[in-house]
Amino acid sequence: MKLGATWWFGIVAVVLLVLLPPIASFTQQEFYIGVATRVLAYAIAVSSLNLVLGHGGMLSLAQGSLLGAGAYTTAILTVEATKDVTFLPGATSAWITWPAAMLVGALLGLAIASISLRTRAIFFLMITLAFNQMLYYLFFSMKVYGGDDGLGMAARSDLLPGLALENDTVFFYVALALFAIFTFVQHRLVHSRFGRVLEGIRINEPRMQALGFDTYRYKLVCFAIGGAGSGLAGALLVNKNLFVSPGLLDWLQSGTLLVMTILGGVGQLWGGLLGAAAYLVIEELLSAYTQRWQIGLGVALIAVTLYAPRGLGALFVPRRP
Amino acid sequence: MSPVLATTSLRKRFGGITATDDVSLDVAAHEVHALIGPNGAGKSTLIGQLAGTLRPDGGTILCNGLDVTHMPAHKRVAHGLARSYQITSTFRGLTVLDNLVLAVQATAGSSFRFWRPASAEASLYDRAREVAALVDLSAREDVLVDHLSHGEERQLEVGLALASRPRVLLLDEPMAGMGKEESARMLHLIERLRSSTTVLLVEHDMAAVFRLADRITVLVYGRVIASGKPDEIRRDREVREAYLGAAAS
């Protein structure tokens with residue numbers, strides 16, 4: 001079988017990422033291992049949004065809250081595990097807290113979508129925004145879990161004995177493995193029957209209904225899968241920072257995820273990684289010089305829209321004949 | 001023989017306009033039943049209600065003896081009712097074959113399958129190729145629909161509706177905007193469908209209608225003014241006055 005450009009890009013990207021920690025250690029720039037971990041967590045979140053937007057055709061502003069809810073789920077379970085008296089059984093194992101974050105993301109996604117999908121276009125955008133803000137204020141007002149001060153975790157989740165996530169390099173490789181798995185799942189999903197149906201709905205939903213597809217249900221499931229991905233990204237982020245605040249659920253966060261998706265390429269398999277990397281690297285590099293680093297981001301966004309309207313991810317994929 | 005598609009006293013109003021006014025219609029199995037009438041007679045409104053995209057205000061629709069009046073459009077397909085559109089509605093950016101595969105997928109088992117590539121399902125592609133052959137598009141399977149001629153796209157439009165092996169096919173002006181040669185091809189296509197399905201045909205091309213139809217129903221201002229065999233319709237004075245005019249004499 002001949003590997004296409006998409007595969008080659010993925011192989012090269014993963015190899016470079018695998019080599020990143022040793023290179024960073026050698027050049028004494030370990031700081032960048034943390035940056036790269038953040039990029040990978042956001043890459044999963046952006047890929048999730050890309051599934052919803054690029055394949056499902058749903059422009060959602062609720063993705064930030066799903067990411068935040070995933071982060072809070074992990075943090076809350078971890079904090080509860082250290083308390084003597086709790087009404088929630090806590091857990092510190094990543095095998096419980098991370099899937100829990102995905103489950104919460106999926107269920108919230110399902111709930112939000114089940115109502116939002118009764119509307120269309122700009123109304124859909126607005127109602128997902130409303131749900132995002134509702135969740136924001138929910139966590140904002142939960143005094144038990146820090147309210148607007150946010151919630152800290154004493155330590156990262158336990159994954160496997162002998163595999164200490166406290167070590168930034170180990171944690172980076174775990175994030176890389178999860179990202180790789182997520183991308184593979186995304187690839188399979190997009191080419192499955194389900195993915196084909198999503199594509200059909202994005203192109204021409206009324207015709208899909210006329211063909212006999214209950215399009216509502218497919219979009220609902222798509223949104224829930226995107227929610228699970230966002231929840232996982234949230235679990236990784238809170239583990240990296242050992243802290244989560246309602247700021248992570250701010251609707252600006254949903255906007256940031258959208259900007260990342262557009263930078264990386266709507267509907268592009270590697271759009272999540274490229275979009276998250278472009279955004280965060282620009283932020284990282286420019287914010288060292290100026291607080292107004294978003295000017296640089298604006299320039300990048302304009303350049304991408306003008307010269308690579310299908311996003312950075314599309315630069316590596318030949319256009320269909 | 002009991003009709004495969006029947007409406008009784010179907011009514012639909014848009015504000016002050018009665019688009020469907022007490023329409024009772026019987027379509028028998030394996031007939032080509034034409035629905036004709038001047039512009040604004042409510043033909044497309046009727047098709048919309050039969051297909052399930054428009055909600056009737058009153059009356060019932062029976063499909064194969066089952067009351068489908070309030071059934072959503074996508075469920076009617078499973079009961080053997082499929083439609084084509086007056087304005088071509090295909091999947092841009094996909095090939096002819098991929099368009100048809102999507103259509104086949106709709107009634108070939110669950111599509112809540114997330115892992116196996118659809119391209120590995122030979123049965124989907126076999127059926128899609130069968131449909132492509134049926135609508136004379138075998139040679140154009142790998143062409144993007146964006147590059148099809150108008151006539152070819154109309155053939156695909158019918159093909160999409162045929163993929164589910166409907167027992168009743170609603171064809172909304174399949175020959176709209178076609179040249180002579182393209183119309184002739186479409187006419188042969190509908191002729192071939194007669195053996196496998198029942199067709200309710202909305203069409204403005206009177207020559208085609210009178211050649212194809214076993215029975216014709218004439219709709220004017222939302223009302224059925226006549227229904228019968230082509231000869232009867234041609235002789236019907238009310239129809240000639242209201243619609244056919246001198247062209248039919």
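Along each chain, residues carry numbers from 1 onward, in the same order as the chain's sequence is written. To label them, take the chains in the order written and letter them from A, then take the ligands in the order written and number them from 1. Local features in this predicted model are restricted to residues of pLDDT 70 or higher, and side-chain atom pairs are both shown and tallied only at a pLDDT of 80 or more, whereas totals for entire chains, interfaces and linings draw on every residue.

What to know about the environment of A:Glu199
Turning to step 1, where the next piece is worked out: Helical segments are the DSSP runs of H or I of at least four residues, strand segments are the runs of E of at least two, and each set is numbered from the N terminus. Tracing the sequence through the fold places A:Glu199 in helix H7 (residues 193-211).
Turning to step 2, where the next piece is worked out: In the structure, A:Glu199 is positioned 68 residues away from A:Gly267 in sequence and 9.8 Å away in space, judged by C-alpha atoms.

So, the interface of chain B and chain A
Turning to step 1, where the next piece is worked out: With C-beta atoms placed from the backbone, a contact is any residue pair whose C-beta atoms sit within 7 Å. Contact residues are listed per partner, giving 26 residues for chain B and 20 residues for chain A.
Turning to step 2, where the next piece is worked out: Basically, the charged four are Asp, Glu, Lys and Arg, the nonpolar ten are Ala, Val, Leu, Ile, Met, Phe, Trp, Tyr, Cys and Pro, and anything else, Gly included, counts as polar. Here the residues of the side of chain B that touches chain A sort into 14 nonpolar, eight polar and four charged.

Thoughts on the confidence of the model for chain A
Turning to step 1, where the next piece is worked out: Mean pLDDT over chain A: 91, with 98% of residues reaching 70 or higher.
Turning to step 2, where the next piece is worked out: Per-residue confidence from the predictor is given as pLDDT, running between 0 and 100. Summarising per-element confidence for chain A, the mean pLDDT is lowest in helix H1 (residues 5-26) of chain A (89) and highest in helix H8 (residues 215-241) of chain A (97).

What to know about the nonpolar core
Turning to step 1, where the next piece is worked out: By definition, a nonpolar core groups buried Ala, Val, Leu, Ile, Met, Phe, Trp, Tyr and Cys residues that connect through C-beta atoms lying within 7 Å of each other. To assign burial, the other C-beta atoms lying within 10 Å of each residue's own C-beta are counted, with C-beta atoms placed from the backbone; 20 or more indicates buried, 12 or fewer indicates exposed, and intermediate counts indicate partly exposed. Ranked by size, the top nonpolar core spans 165 residues in total, and within it A:Ile44, B:Leu100, B:Leu201 and B:Val218 carry the most contacts.
Turning to step 2, where the next piece is worked out: Per-element tally for this core: the top contributor is helix H2 (residues 31-55) of chain A, with 14 residues.
Turning to step 3, where the next piece is worked out: The residues contacting B:Leu201, other than those within four sequence positions of it, are B:Val32, B:His33, B:Ala34, B:Leu35, B:Leu171, B:Ile190, B:Leu212 and B:Ala213.

Quick notes on the pairing of strand S7 (residues 168-172) of chain B
All names here are of chain B.
Turning to step 1, where the next piece is worked out: Among the five residues that make up S7, five are buried, leaving the element largely enclosed by the rest of the structure.
Turning to step 2, where the next piece is worked out: One requirement defines pairing of two strands: DSSP has to find at least two bridges between them. As defined by bridge partners, strand S6 (residues 81-84) adjoins S7 across four bridges and the pair is classed as parallel. Bridge pairing in S7 places Leu 81 opposite Val 168.
Turning to step 3, where the next piece is worked out: Bridge count for S7 against strand S8 (residues 198-202) is five bridges, and the pairing is parallel.

Some thoughts on helix H4 (residues 122-134) of chain B
All names here are of chain B.
Turning to step 1, where the next piece is worked out: A helix is expected to reach a length of 1.5 Å times the quantity of its residues less one. Helix length check: H4, at 13 residues, gives a terminal C-alpha distance of 18 Å against a target of 18 Å (1.5 Å per residue), a fit within 8%.
Turning to step 2, where the next piece is worked out: Within H4, the full set of buried residues consists of Leu 124, Arg 127, Ala 128, Val 131 and Ala 132. All buried residues of H4 lie within an arc of 145° about the axis, which places them on one face of the element. Structural note: H4 exposes Ala 122, Ser 123 and Asp 126 on the side pointing more than 90 degrees away from its buried face.
Turning to step 3, where the next piece is worked out: In this structure, the buried side of H4 is in contact with helix H3 (96-105) and helix H5 (150-162). Directions from the helix axis toward the C-beta atoms define the arc.

Brief notes about the pairing of strand S1 (residues 5-14) of chain B
All names here are of chain B.
Turning to step 1, where the next piece is worked out: Strand direction decides the pairing type here: S1 and strand S4 (residues 58-63), joined by five bridges, are antiparallel. Paired with Thr 7 across the strands is Ile 61, a residue of S4.
Turning to step 2, where the next piece is worked out: By the bridge criterion, seven bridges tie S1 to strand S2 (residues 17-27) in an arrangement that is antiparallel. Each bridged residue has a counterpart across the sheet, and for Ala 6 the counterpart in S2 is Asp 26.

Re the packing of helix H6 (residues 168-191) of chain A against H8(A)
For any two helices packed against each other, one specifies the inter-axial angle together with the distance between the axes.
Residues and elements named next belong to chain A.
Turning to step 1, where the next piece is worked out: Orientation is described by lines fitted to C-alpha atoms, with helices fitted over the stretch in contact, and by angles between N-to-C directions that extend from 0 to 180 degrees. One can describe the packing of H6 onto H8 by two numbers: an axis separation of 11 Å at closest approach and a directional angle of 175°. Taken together, the axis directions place H6 and H8 in an arrangement best described as roughly antiparallel. Seen from H6, the contacting residues are Phe 171, Ala 175, Leu 178 and Phe 182; seen from H8, they are Gly 229, Leu 232, Leu 236, Asn 239 and Lys 240.
Turning to step 2, where the next piece is worked out: Class assignment of the residues belonging to the contact of H6 with H8 gives a composition of six nonpolar, two polar and one charged. Working rule for angles: under 35 degrees goes down as roughly parallel, over 145 as roughly antiparallel, 65 to 115 as roughly perpendicular, anything else as oblique.

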